[in-house]
Amino acid sequence: DYIYPGVDLAEFMVRMRNMLQVRSLRLQLSDQLASLEQVATVSRIDQTSRKSAEERLLYLALHDERTGLPNRMMIQNKIAEKIVREPARQFAIVMINLEFFHEINQTLGYQNGNKLLIQISQRLSSIASSCGGIVPIETLPRQIFCFSVLEGVNFALMIDLEEGQQDPRRVVEKILNQMQQPYSF
């Protein structure tokens, strides 16, 4: 504001006080808006991280941590779903146990045992894709999982016994033959 000659000093003081209050209020408003923006940003980050954490927990609840294959809970859900949706249809459940795998862990260490287990799970997955009649347990955009990890080194798969599908014994023989091939490790 300007001071004109002959201005009333009381009026000038009131104007100055009002101007300082307006400026103070503008600064407070600016600070509050900045705080709100920070809160909104943190809230968006919190929502994003919470959603990410929820997705991760759901993934861990339904998958084996070492191999990434579906776990016991997922195959149980798939079996229940098939029974409910197709009660007249028959299925076979095949379980595979890797005997003496604990010796690999003891001689090579658990880290190397886990790496070999990943190779085994990848081989099982590739075998399943070449066998007819195996029911997918999980279908993702880039991959179909037919095997499930029951626990440790026990795997399971589900075979559709619909007329015209492969005999489960042939599927198991094919899996066993291909699993007997050596591993490069």
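The shown structure was predicted, so the numbers you read here are calculated from the model rather than taken from an experiment.

Peer 1: Is there a simple way to think about the overall build of the protein in this case?
Peer 2: From N to C terminus, the protein includes five helices and six strands. Taken from N to C terminus, the helices and strands of the protein fall in the order α-α-β-α-α-β-β-β-β-β-α. What you see for the protein is a C-alpha radius of gyration of 33 Å, clearly larger than the 16 Å of a compact globule of 185 residues, by over 25%. In terms of overall dimensions, the protein has a C-alpha envelope of 110 × 50 × 20 Å along the principal axes. Considering the protein as a whole, with its 185 residues, one finds that 27% of them fall into the buried category. Sequence separation of at least 24 residues holds for 66% of the intrachain contacts in the protein that already meet a minimum separation of 6. On the protein, roughly 13,500 Å² of surface is accessible, and the fraction owed to carbon and sulfur atoms is 55%. Distance from the positive charge centre (20 side chains) to the negative charge centre (21 side chains) of the protein: 3 Å.

Peer 1: Before we go on, may I ask you to explain the nonpolar core in this structure?
Peer 2: Formed by 25 residues in total, the largest nonpolar core has its most connected members in I96, L124, I134, F147, F155, L157 and I175. Looking at this core, the elements with two or more residues in it are β1 (91-97), α4 (110-130), β6 (154-160) and α5 (168-179). Here this core takes six residues from α4, the largest share from any one element. When sequence neighbours within four positions are dropped, the list of residues in contact with F155 reads L69, V94, M95, I96, L98, L117, L124, F147, S148, V149 and L150. Judged by nonpolar contacts, the second largest core, of six residues, contains L62, I137, L150 and A156.

Peer 1: Got a minute to help me understand a nonpolar patch on the surface in this structure?
Peer 2: Taken together, L29, L33 and L36 make up a surface patch of nonpolar side chains, about 300 Å² in accessible area. Within the fold, L36 resides in helix α1 (residues 9-62). Here L36 falls in the exposed class, since its relative accessible area comes to 54%.

Peer 1: When you look at the packing of aromatic side chains in this model, what are you seeing that I'm missing?
Peer 2: In this description, a pair of aromatic rings is defined by centroid distance and the angle of the planes. Evaluation of the coordinates by the stated rule reveals zero aromatic pairs. Geometry around Y183 places R123 over its ring, the cationic atom sitting 3.7 Å from the centre.

Peer 1: I'm lost on the packing of helix α3 (residues 101-108) against α4 in this one. Help?
Peer 2: Helices that pack against each other are described as a pair by the angle of their axes relative to one another and the distance between those axes. Their axes nearest at 7 Å, the elements α3 and α4 cross at an angle of 135°. By the angle class used here, α3 and α4 are oblique. Contacts between α3 and α4 pair F101, I104, N105 and L108 from the former with Y110, N112, G113, N114, L116, L117 and I120 from the latter. Partitioning the contact of α3 with α4 into residue classes produces seven nonpolar, four polar and no charged.

Peer 1: Would you mind going over the confidence of the model for the protein with me for this structure?
Peer 2: Low-confidence regions, as indicated by low pLDDT, have predicted coordinates that should not be scrutinised in detail. Across the protein, the average pLDDT comes to 85, with 95% of residues at 70 or higher. The element-level mean pLDDT for the protein is lowest in α1, coming to 80, with strand β5 (residues 148-151) highest at 93.

Peer 1: I tried to follow the pattern of salt bridges on my own but got confused; where do I start?
Peer 2: In a structure, side chains of opposite charge can pair up when their charged atoms sit close to one another. Under the counting rule described, the total for this entry stands at six salt bridges. In this structure, E81 engages K78 in a salt bridge whose closest nitrogen and oxygen atoms are separated by 3.7 Å. Of this pair, E81 and K78 both sit in helix α2 (residues 72-85), three residues apart, which is roughly one turn of the helix. Judged by relative accessible area, K78 falls into the buried class, the value being 15%. Each of K82, E86, R89 and D160 takes part in a single network of salt bridges with overlapping partners.

Peer 1: Help me understand the environment of S52 in this model?
Peer 2: Assignment of secondary structure puts S52 in helix α1. Along the chain, S52 and S125 lie 73 residues apart, while their C-alpha atoms are 27 Å from each other.

Peer 1: Help me out: how do you make sense of the pairing of β5 in this one?
Peer 2: A regular strand places its side chains on the two faces of the sheet in alternate fashion. Direction of pairing for β5 relative to β6: antiparallel, over a ladder of three bridges. By the bridge assignment, S148 is partnered in β6 with A156.

Peer 1: Mind showing me how you'd approach the pairing of β1 here?
Peer 2: By the alternation rule, side chains of β1 split into A92, V94 and I96, which are all buried, and F91, I93, M95 and N97, of which none is buried. Sheet topology note: the β1/β6 ladder contains seven bridges and is antiparallel. Residue pairing in the sheet places M95 in a bridge with A156 of β6.

Definitions and cut-offs
Residues numbered from 1 in each chain as written. Predicted model: local features only at pLDDT ≥ 70, side-chain atom pairs only at ≥ 80, totals over all residues. Heavy atoms only, no water. Helix = DSSP H or I, 4+ residues; strand = E, 2+ residues; numbered from the N terminus. Rg over C-alpha atoms; globule rule 2.2 N^0.38 Å. Buried < 20%, exposed > 50% of the residue type's maximum accessible area, 1.4 Å probe, protein only. Contact = heavy atoms within 4.5 Å. Areas by Shrake-Rupley, 256 points an atom, 1.4 Å probe, with all protein chains shown as cover. Lys, Arg positive; Asp, Glu negative; His and termini not counted. Charge placed at Lys NZ, Arg CZ, Asp CG, Glu CD. Core = buried A, V, L, I, M, F, W, Y, C linked by side-chain atoms within 4.5 Å. Patch = residues over 30% accessible without salt bridge, like charges linked within 9 Å, V, L, I, M, F, W, Y side chains within 5 Å. Salt bridge = Lys/Arg side-chain N within 4 Å of Asp/Glu carboxyl O. Phe/Tyr/Trp six-rings, centres within 6.5 Å; stacked < 30°, edge-to-face > 60°. Lys NZ or Arg CZ within 6 Å of the ring centre and 35° of its normal. Axes fitted to C-alpha atoms, helices over the stretch in contact; angles between N-to-C directions. Parallel < 35°, antiparallel > 145°, perpendicular 65-115°, else oblique. Nonpolar A, V, L, I, M, F, W, Y, C, P; charged D, E, K, R; others polar. pLDDT = per-residue confidence, 0-100. Pairing = 2+ DSSP bridges.

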